[in-house]
Amino acid sequence: MLNKKCLLLGSLCLLLTTVGWAQRRGEADTDIETYNSLISGGVTTNTNSGLLGGVVVRSSKSISGTLFGKQQFRYLALEAVNVKHPKEFSSPYPGNGSRLTYGKQNYLFVLRPEYGRELMFYNRHSNEGISISGILAAGPSIGIEKPYYVQLQPRAGVVTSVPYTPDLPGDIIGAGGFFKGFDKSKIVPGLHLKAALSFELSAFRENMTGIEIGFVTEAFSRQIIIMPQAQNRSFFTSGFVTLYYGLKK
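My aim in this report is to walk through the structure given alongside it, one point at a time. (Residues numbered from 1 in each chain as written. Predicted model: local features only at pLDDT ≥ 70, side-chain atom pairs only at ≥ 80, totals over all residues. Heavy atoms only, no water.)

## What to know about unusual backbone geometry
In step 1: Within the chain, Phe68 stands out as a residue other than glycine whose phi angle is a positive 55°.
In step 2: On the accessibility criterion, Phe68 (75% relative accessible area) is exposed. (Buried < 20%, exposed > 50% of the residue type's maximum accessible area, 1.4 Å probe, protein only.)

This is the structure in structure tokens:
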């Protein structure tokens, strides 16, 4: 967890150093690239997830008028992420090699439709450089609380897959199937707010690659029970990094 936070902060500091460079380039070169719409998809990691935290689809479309003298865009996105408890730790179970997260009762998956504004701070040049924009977006959070299944041995020679609870009668000998229990999932509604910086590079004018770095604040209508024997919450904050690729015109 500490290494992941350091990675996020280090990436942010490194990319922020390009702001002054981009500004100096803008003063020397007037061949600025512009576009009216952009659609992209990518993968994301955050301080509440594993290395692969989820997937994102995002769209930006230019709108009339400027804000603080800068071009602005309507920003739409849909994120699907996995949220973990800070005390989660999975390890291979001796004997069968399956990975088990001790004490975990539920997964938390979140769908985040987002609407907001993207403000272009600096446009890249036609042949080189970087575009830098700021994003502020909000929307509902659709929490999916899915039971975590384990392999239980209630007696010798009998193994069954059941949802984990702290008082299961028998020996837990491994993790159950990931796809078990989706029919028993519970929907927990919530809201979230995202603030981010987007750094965009393009090898060609029609294609683009980039990185989005920012923070998300999220609140659900009730406490999410991920690990019942640890402290659980209804309010989450996280830093994230998203790598994306897309098309623009």
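## Focus: the sheet that holds strand β3 (residues 70-83)
In step 1: Here 8 strands make up a closed barrel; going around it, the order is β1-β2-β3-β6-β7-β11-β12-β13 and the pairing antiparallel. Put simply, the sheet's adjacent strands are angled 25° from each other on average, direction ignored. (Pairing = 2+ DSSP bridges. Helix = DSSP H or I, 4+ residues; strand = E, 2+ residues; numbered from the N terminus. Axes fitted to C-alpha atoms, helices over the stretch in contact; angles between N-to-C directions.)

## Remarks on the packing of aromatic side chains
In step 1: Evaluated as defined, the whole model comprises 8 aromatic pairs.
In step 2: On the numbers, 5.8 Å between centres and 75° between planes, the contact of Phe178 with Phe182 is edge-to-face.
In step 3: Joined through ring pairs, the aromatic side chains of Tyr107, Phe109, Tyr148, Phe178, Phe179 and Phe182 make up one cluster.
In step 4: If you follow Lys146 out to its NZ or CZ, it ends over the ring of Phe178, 5.6 Å from the centre. (Phe/Tyr/Trp six-rings, centres within 6.5 Å; stacked < 30°, edge-to-face > 60°. Lys NZ or Arg CZ within 6 Å of the ring centre and 35° of its normal.)

## Some remarks on the sheet that holds strand β9 (residues 158-163)
In step 1: With antiparallel pairing, 3 strands are arranged side by side in an open sheet as β9-β8-β10. Since the sheet does not close on itself, it has two edges, and those belong to β9 and β10 (171-175), each with one partner. Taking the axes of each pair of neighbouring strands and ignoring which way they run, one obtains an average angle of 35° across the sheet.
In step 2: With 4 bridges joining them, strand β8 (residues 149-155) and β10 adopt antiparallel strand pairing. What sits directly across from Gln153, in β10, is Asp171.

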